[in-house]
Amino acid sequence: MGTLYCRIYAHLRHRAKHRPCPPAQSRSIERGMRAVLRTMIVTGATYVVCVAPNKIQWWLHCTGIYEFEFSHWPTFATHVLVCLNSCANPIIYTFSIDSFKQELHRLLPLAARLPIPLERVPGNTLTETRT
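Bear in mind the structure is a predicted one, so any value in this text is a computation, not a measurement. (Residues numbered from 1 in each chain as written. Predicted model: local features only at pLDDT ≥ 70, side-chain atom pairs only at ≥ 80, totals over all residues. Heavy atoms only, no water.)

A.B. asks: Help me understand helix α3 (residues 73-96) in this model?
C.D. replies: Side chains that are three or four residues apart share a direction in an α-helix, a result of its 3.6 residues per turn. Counted at 1.5 Å a residue, the expected span for α3 with its 24 residues is 34 Å, and the 33 Å between its end C-alpha atoms agrees. In α3, a bend of some 30° at C87 exceeds every other bend along the element, and P90, a proline, comes one to four places later. Buried residues of α3: T75, T78, N85, A88, N89, I92 and T94, and no others. (Helix = DSSP H or I, 4+ residues; strand = E, 2+ residues; numbered from the N terminus. Expected span 1.5 Å × (residues − 1). Bend = angle between axes of the 7 residues up to and from the residue. Buried < 20%, exposed > 50% of the residue type's maximum accessible area, 1.4 Å probe, protein only.)

A.B. asks: It is not clear to me how the packing of α3 against helix α4 (residues 98-107) should be interpreted in this structure. Could you clarify?
C.D. replies: The N-to-C vectors of α3 and α4 enclose an angle of 105°; their axes lie 6 Å apart at closest approach. Between α3 and α4, the angle falls in the class roughly perpendicular. In this structure, α3 contributes P90, Y93, T94, F95 and S96 to the contact, and α4 contributes D98, F100, K101 and L104. Looking at the contact of α3 with α4 residue by residue, the class counts come to five nonpolar, two polar and two charged. (Axes fitted to C-alpha atoms, helices over the stretch in contact; angles between N-to-C directions. Parallel < 35°, antiparallel > 145°, perpendicular 65-115°, else oblique. Contact = heavy atoms within 4.5 Å. Nonpolar A, V, L, I, M, F, W, Y, C, P; charged D, E, K, R; others polar.)

A.B. asks: Where do I start with the environment of L37 in this structure?
C.D. replies: Tracing the sequence through the fold places L37 in helix α2 (residues 23-62). By relative accessible area, which is 29% here, L37 ends up partly exposed. Along the chain, L37 and Y9 lie 28 residues apart, while their C-alpha atoms are 7.0 Å from each other.

Following this line, the structure appears as structure tokens:
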């Protein structure tokens, strides 16, 4: 996963450097790249925190250091963490990516309570943030 994220970021960096654009647009691209990098770091850290205990437990089991039963609470807890990782990604995207928020607002009426920065909504001339 880390290798994939590094390749994505390198590709975005390469595209940004080799595409001529005005300075204002360049700042916007840099801001967007920082947001993508921040989202990738948070998503990667969440993956490590949620999946590492399960993988460590399996490694200890395979090496014979630790024998576990599927009915014991540590095993159950690590499986719950792995499942929570899948639930965490949409939450991370909702708070990190404005276009994800906009699509969520469009698809789910209850999501209209989440704030969207109006200056990033296409075609909007307002500079305030709607809450």
